[in-house]
Amino acid sequence: MKTNIEPGRTGRTTLGDAVSRRLWFLDAESLCDAARRKTGLNDFGDPPIEPALSVLTSSLEQEADLHPLGRFLMRMHLQGLLETRLRLIELWRGRAQDLTSSPVQRPIFITGTPRSGSTFLHELLAEDPGSRAPRVWEVMFPISKAGRQPQAPDPRIRKAAACLWWFRKFAPQADAVFPMRAGTPHECVAIQSYSFLSEEFISTCRVPSYESFLRHGDLGPAYAWQRRFLQHLQFGNPNRHWVLKSPDHVYGLEALFAVFPDALIIQTHRNPFEVLKSSVHLTEVLHGLYARPGSSEQLATRESRVLAEVLDRFVNFRDAHPELAGRFIDVRYGEITKDPLAVIRRIYEKFDMPLTNMAIERMQNLAGQRSRYQHRRAPAEPRDFINEAKADLSCFERYCSRFKVGWQRPQAQ
């Protein structure tokens, strides 16, 4: 098989690489066959998984430079997605009319620049008893066991907790930059990963061919899948509004509003140099879970390019759609960290939502328990990455001026 060695890849092949490639080779056909054998089902439903799955697996094989553990983890993840998808399609076939009659109404999507407080804000909003956030355990295992008593603890929670415990044992460094537990709210990219049209794979691996495919493709099917998935989760209890989150919605805002026409958007903002400092560190850690380290200079260049594109997309979309101005509220990172409850009150007032005393109390309790965000290893100063990347920073100025975000250009050393 022809292999294209990306810049920054080692190109070396060890005995472990050879053995792991034979055991866990990543190709769409063998993954689908294994999922069909495991479940006894055949129909992957809509949207079609091809060509996305083949582009993804080819990119993983040829470009990602996976190490043996990363290859094993990715193989298990992809096969698990396919198995769950087969089971969901089979289940939905018998519930089609019920799901269609349970619309997702006025969902709130949190998006914005990466590393801008959106995770903490998502957790706060999810504390409102009137809100509904997809939890990690139910995204990982969305099908409940038949005959389970509603009052009994859901065994999927314990199963998800066990999986995450083992994952932290394999990759302890991940918990320092992106802590995740079975009960925490999950990101939309994890739901969209079942469609194989998801930024999740770009966040965790170097897959430039797949990234290009996703950037130039139609994301409508990914959002249609997400809507059906949310209808599935809310089946029998559709009265609470969804609170959803992913910085990567910037790439699909047109599709998002096409599928969720009454959506409300919270856009978070932060000094782009601080974002870059944090996102480079996060990407470095996430990529290390699956692959050998790449070039730090190439990583900085890529992250600068991606952030520039993100900032431009936000400005362009907001300027092109003044009719949606009332659907957006802008929140800055400093506001979230300084007085999160004031931000919450402003959001509820903007979207004309009732804020109960119980919700306020629960949010205050969570805001007082922020130890999990402390004592992290500080990444390098942002100017180090800026100088390595030699990036064009003019778009940073445009974004900061448009959204009144404070910033200061780092000085060259």
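Residues numbered from 1 in each chain as written. Predicted model: local features only at pLDDT ≥ 70, side-chain atom pairs only at ≥ 80, totals over all residues. Heavy atoms only, no water.

### Quick word on the pairing of strand 1 (residues 108–112)
Counted residue by residue, strand 1 has five buried out of five residues, so it is predominantly covered. Bridge count between strand 1 and strand 3 (residues 241–245): three bridges; the pairing is parallel. When the sheet's bridge partners are listed, F109 is paired in strand 3 with L244. With five bridges connecting them, strand 1 and strand 4 (residues 264–269) associate as parallel partners. Across the sheet, residue I110 finds its bridge partner in strand 4, namely I266. (Buried < 20%, exposed > 50% of the residue type's maximum accessible area, 1.4 Å probe, protein only. Helix = DSSP H or I, 4+ residues; strand = E, 2+ residues; numbered from the N terminus. Pairing = 2+ DSSP bridges.)

### Observations regarding the confidence of the model for the protein chain
For the protein chain, the mean per-residue pLDDT works out to 87, and 88% of the residues sit at or above 70. Note on residues 1–10: pLDDT is under 50 here. Beyond four places in sequence and across chains, it has 22 contacts. Confidence drops under a pLDDT of 50 for residues 371–383, and excluding neighbours within four residues, the segment shows 21 contacts in the predicted structure. (pLDDT = per-residue confidence, 0-100. Contact = heavy atoms within 4.5 Å.)

### Focus: unusual backbone geometry
Backbone geometry follows two general trends: most residues other than glycine have a negative phi, and most peptide bonds adopt the trans configuration. Cis geometry is adopted by the peptide bond preceding P47, which originates at D46 and carries an omega value of -5 degrees. With respect to the helices and strands, the residue P47 is situated in the loop between helix 2 (28–39) and helix 3 (52–63). Put simply, E50 and P51 share a cis peptide bond, and its omega is 10 degrees. As for its position among the elements, P51 is in the loop between helix 2 and helix 3. Here the phi dihedral of F196 falls at roughly 60 degrees; this positive angle occurs in a residue that is not glycine. Mapping F196 onto the fold places it in the loop between helix 10 (188–192) and helix 11 (200–204). In this structure, K404 is a non-glycine residue whose phi angle is positive, near 55 degrees.

### Regarding the sheet that holds strand 1
Read from one edge to the other, the open sheet built from five strands follows the order 2-3-1-4-5, with strand pairing classed as parallel. Taken across any chain shown, the strands that pair with only one partner, and hence form the sheet edges, are strand 2 (131–132) and strand 5 (328–332). Across the face of the sheet, helix 21 (residues 394–403) comes into contact with strand 4 and strand 5 while running at roughly 120 degrees to strand 4. (Axes fitted to C-alpha atoms, helices over the stretch in contact; angles between N-to-C directions.)

### Things to note about the packing of aromatic side chains
Scanning all chains against the criterion turns up 14 aromatic pairs. An angle of 10 degrees between the planes, with centres 6.1 Å apart, marks the rings of F257 and F317 as stacked. Of this pair, F257 sits in helix 14 (residues 253–259) while F317 sits in helix 16 (residues 296–320); the two residues are 60 residues apart in sequence, bridging distant segments of the chain. The class for F257 is buried, based on a relative accessible area of 11%. For F317, a relative accessible area of 9% corresponds to the buried category. Members of the aromatic cluster, each reached through a chain of ring pairs, are W92, Y194, W225 and F229. When the ring centre of Y251 is taken as reference, the NZ or CZ atom of R215 above it lies at 3.7 Å. One cation-aromatic arrangement involves R270 over Y333; the distance from NZ or CZ to the ring centre is 3.9 Å. (Phe/Tyr/Trp six-rings, centres within 6.5 Å; stacked < 30°, edge-to-face > 60°. Lys NZ or Arg CZ within 6 Å of the ring centre and 35° of its normal.)

### Thoughts on helix 18 (residues 340–350)
Those residues of helix 18 that fall on the buried side of the exposure criterion are P340, L341, V343, I344, I347 and Y348. Buried residues of helix 18 fall within an arc of 155 degrees about the axis and therefore sit on the same side. In the core, the buried residues of helix 18 are packed alongside helix 6 (118–126), strand 2, strand 4, strand 5, helix 17 (333–338) and helix 19 (357–367). At the C-terminal side of helix 18, D352 shows a positive phi close to 55 degrees. (Arc of directions from axis to C-beta.)

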